[in-house]
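# Working through the structure, step by step
As a plain string of letters, each chain reads:
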Amino acid sequence: ARGDVGADLRRLLGDGSLVKCFFGPPEREHLGAKIANGVDVQRLAGPDEDGRQRGLAAVCGDLVRGEPFAKRRDLQRSFGFVRRRPAPGLGWLSPEQRAYAAADVW
C-alpha cells in the first residue's frame, strides 16, 4: 500500500528504547507507522530559559549517545566555496570530511 513502511522500519519506529530525532514535531510525520520516543530536536535546541540556543548536532548527540557530537572546524567544507562542480561521488572529500558530513546530516 502507498505510504506503508516495511516491517523492519515499522519495528524501529515503534521501539520505545530507541530515540528517534526529528526536525519538528514527530507527530507531524506521516511515515505509515507509530513513532515511539520521537524527539523534536528543533524545540530542544533552544532557546533555553537564559535565551541561549544549542546546535542540532549537540542536541542529537546528547539524546542518542549521552554527549554532544564534536564538530571539527577543520573538516567543514561549504559547497558555497567550491569554485567548480566536483566530480560525481564523494571522492573529492577526505574520509574525515565524509564522516563529518555524515554526522552533520545524521
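For the structure itself, consult the block above.
Residues numbered from 1 in each chain as written. Predicted model: local features only at pLDDT ≥ 70, side-chain atom pairs only at ≥ 80, totals over all residues. Heavy atoms only, no water.

## Remarks on the overall build of the protein chain
Broken down by element type, the protein chain carries four helices and two strands. Element order for the protein chain, N to C, with α for helix and β for strand: α-β-β-α-α-α. A total of 106 residues make up the protein chain; the buried ones form 23% of that total. Summarising the internal contacts of the protein chain: among those between residues at least 6 apart in sequence, 20% fall at separations of at least 24. (Helix = DSSP H or I, 4+ residues; strand = E, 2+ residues; numbered from the N terminus. Buried < 20%, exposed > 50% of the residue type's maximum accessible area, 1.4 Å probe, protein only. Contact = heavy atoms within 4.5 Å.)

## Notes on the nonpolar core
In terms of nonpolar packing, the biggest core is built from six residues, these being Val41, Ala45, Ala57, Val59, Cys60 and Phe69. A total of three residues in this core trace back to one element, the largest contributor, which is helix α3 (residues 56-65). In contact with Val59, not counting residues within four places along its chain, are Val41, Leu44, Ala45 and Arg54. (Core = buried A, V, L, I, M, F, W, Y, C linked by side-chain atoms within 4.5 Å.)

## Notes on unusual backbone geometry
Of note, the bond from Gly46 into Pro47 is cis; its omega dihedral lies within 30 degrees of zero at -5°. Looking at the element boundaries, Pro47 is found in the loop between α2 (41-44) and α3. A positive phi is found at Asn37, a non-glycine position, where the angle reads about 60°. On the secondary structure map, Asn37 appears in the loop between β1 (20-22) and β2 (38-40). Under the relative-accessibility criterion, Asn37 is labelled partly exposed at 35%.

## Points about α3
Within α3, burial applies to Ala57, Ala58, Val59, Cys60 and Gly61. Residues of α3 that are buried make contact with β1 and α2. Directly after α3, the chain includes Gly66, whose backbone phi takes a positive value near 85°.

## Focus: the pattern of salt bridges
Taken as a whole and judged by the stated rule, the model has three salt bridges. Put simply, Arg52 and Asp50 hold a salt bridge, and the shortest N to O gap is 3.3 Å. We note that Arg52, like Asp50, is exposed. For Asp62, the salt bridge goes to Arg54, with nearest N and O atoms at 2.4 Å. (Salt bridge = Lys/Arg side-chain N within 4 Å of Asp/Glu carboxyl O.)

## Quick look at the side chain of Asp40
Tracing the backbone shows Asp40 in strand β2. Despite its burial, Asp40 remains without a salt bridge, the nearest opposite charge being carried by Arg43 at 4.8 Å. Within the structure, Asp40 has its side chain in polar contact with the backbone nitrogen of Gln42 (distance 3.0 Å). Within polar-contact distance, the side chain of Asp40 engages the backbone nitrogen of Arg43 at 3.2 Å. Ignoring anything within four residues of it in the chain, the contact list for Asp40 reads Phe22, Phe23, Gly24, Pro25 and Pro26. (Lys, Arg positive; Asp, Glu negative; His and termini not counted. Polar contact = N/O pair within 3.5 Å; in protein donor to acceptor, adjacent residues only side chain to side chain.)

## Regarding a nonpolar patch on the surface
A cluster of nonpolar side chains, contributed by Leu9, Leu12 and Leu18, occupies part of the molecular surface with about 250 Å² of accessible area. Using a relative accessible area of 34% as the deciding quantity, one classes Leu18 as partly exposed. (Patch = residues over 30% accessible without salt bridge, like charges linked within 9 Å, V, L, I, M, F, W, Y side chains within 5 Å. Areas by Shrake-Rupley, 256 points an atom, 1.4 Å probe, with all protein chains shown as cover.)

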